[in-house]
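Chain by chain, the residues run as shown.
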Amino acid sequence: YVRTLRDGYVQNLHPSTPDFDNRDQWAGRLDLDWQWSERLRARYAQDRFDLDQRPTALQIVEFGSYATLPVFGSIAGAAYSPRRRDAIANEASRQSAVAIRGDTLTLDYALGSAAGLDEMALKYIGARRVLATDSQTDFDGTAADFSRFGLYNDYVQHSHELQWSARNERLSLVSGLFRLGDDWRTDNPRWNAQILRGNDGVYQINQRGAQDRSGAIYGQLDWRASERCTLGLGLRRTVEEKAVYRL
C-alpha cells in the first residue's frame, strides 16, 4: 500500500474548488496463495489504484481574437497574462479522478501421468478489470461560465482461459480455450456560451462507446528432436465481434 498527498501548484482564487493540480493518490495490492490439496492450488490477486485531484490550471496566455468578442473580451482581457501566474480564477475546474481495480484468479490442478505423458495439468485463469474516470474542466480560463467540459469514462474487461498441458522426455503439449469481453462507455458533455460559438446552441451531448467479444481455441506441440533442436507446431482459431456507437 502506498499513498501520496500533494498541495496544488497554482492557487484558485475562485471559491468553488481547491488549488489546481493538488493530488490525493493511493494504490494497493493483495495476494493470496492457497494450497487446497496435493493436486489443487488457488491464487488470487487484487490491484487497486485511486487518484483524486483538481485539473491543471488553464490560463489565457494568448489574447488574439478574444479582444473582439462582446462581453467575453473584457473578461478575458482581465484574466490574460503572457506569463504563468501563481494564482488564477476558474469556476468549473472541479475534478480529475481515476479509479482502477483488477482481480485475477488462477487455479492449477495436477492430473498426474497417463498414456506416456507426465505432468498433465489443468489451469484456469480468470480476470476482471474496471476503470472509471471523472473529469470536469474549465476551458475558458476565467471565473465566468463561458466554456466547460466533462469527461466520464467507464470500462470493464473480463477474460477466462482454460488450459490443458502435458509433457514427457520428447514432447510438450498445450491446448486451451480463451474468452475475452469488454464494454466501454464515454460521456463527454460540453457547455459553450453562444457568444463563443455563434448560434449553434450552448450544450452538446457527446456520448460514445463500444462492446467487444472474442473467443479462441488453440493448441501447440513441441518435439525435442535433439539436445540442440526443438520443432514446434501451433494452431489458433479466433472469432471476434465488435459493436460501436456514438451519439
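You'll find the structure just up there.
Structural notes, computed from the coordinates. All values reported here derive from a predicted model rather than from experimental measurement.

1. Some thoughts on the overall build of the protein chain
A tally of regular secondary structure across the protein chain gives two helices and 13 strands. For 247 residues, the compact-globule formula gives about 18 Å, and the C-alpha radius of gyration of the protein chain, at 28 Å, lies well above that figure. Its C-alpha atoms give the protein chain principal-axis dimensions of about 85 × 40 × 35 Å. The burial tally for the protein chain puts 28% of its 247 residues in the buried class.

2. Observations regarding the pairing of strand β6 (residues 95–114)
Across 14 bridges, strand β4 (residues 40–53) lies against β6 in antiparallel orientation. Directly across from D50, in β6, lies its bridge partner A99. Bridging between β6 and strand β7 (residues 117–138) involves 18 bridges; their strand directions are antiparallel. In the strand pairing of β7, A99 is matched with A132. Between the end of β6 and the start of β7, which pair antiparallel, lie two residues, with A115 showing a positive phi angle near 55°.

3. Structural notes on helix α1 (residues 72–79)
Those residues of α1 lying buried are F72, G73, A76 and A79. Considered in projection along α1, the buried side chains sweep an arc of 130° and stay on one side of the axis. Pointing more than 90 degrees away from the buried face of α1 are the exposed residues S74 and A78.

4. A few points about the packing of aromatic side chains
For the coordinates displayed, the defined rule picks out three aromatic pairs. Aromatic side chains F139 and F149 sit 4.4 Å apart centroid to centroid with 25° between the ring planes, which places their arrangement in the stacked category. Remark: F149 occurs in strand β8 (residues 147–167) and F139 occurs in the loop between β7 and β8; sequence separation between them is ten residues. Note on F139: relative accessible area 43%, which makes it partly exposed.

5. Concerning the environment of L171
Tracing the backbone shows L171 in strand β9 (residues 171–187). Residues L171 and T230, 59 residues apart in the sequence, show an inter-C-alpha distance of 9.4 Å.

6. Considerations on a nonpolar patch on the surface
A cluster of nonpolar side chains, namely Y109, L111, L122, L162, L177 and I217, defines an oily patch on the protein surface of about 500 Å² accessible area. As for its placement among the helices and strands, L122 is situated in strand β7.

7. A look at the pattern of salt bridges
Applying the stated rule across the entire model yields 14 salt bridges. D31 is the salt-bridge partner of R29, the closest N and O atoms lying 2.7 Å from each other. We classify D31 as partly exposed; its relative accessible area is 46%. For the salt bridge of D103 with R101, the shortest nitrogen-to-oxygen distance reads 2.8 Å. A relative accessible area of 34% places R101 in the partly exposed class. Three or more residues are tied together by salt bridges with common partners; here these are R29, D31 and D47.

Reading the values: the criteria
Residues numbered from 1 in each chain as written. Predicted model: local features only at pLDDT ≥ 70, side-chain atom pairs only at ≥ 80, totals over all residues. Heavy atoms only, no water. Helix = DSSP H or I, 4+ residues; strand = E, 2+ residues; numbered from the N terminus. Rg over C-alpha atoms; globule rule 2.2 N^0.38 Å. Buried < 20%, exposed > 50% of the residue type's maximum accessible area, 1.4 Å probe, protein only. Pairing = 2+ DSSP bridges. Arc of directions from axis to C-beta. Phe/Tyr/Trp six-rings, centres within 6.5 Å; stacked < 30°, edge-to-face > 60°. Patch = residues over 30% accessible without salt bridge, like charges linked within 9 Å, V, L, I, M, F, W, Y side chains within 5 Å. Areas by Shrake-Rupley, 256 points an atom, 1.4 Å probe, with all protein chains shown as cover. Salt bridge = Lys/Arg side-chain N within 4 Å of Asp/Glu carboxyl O.

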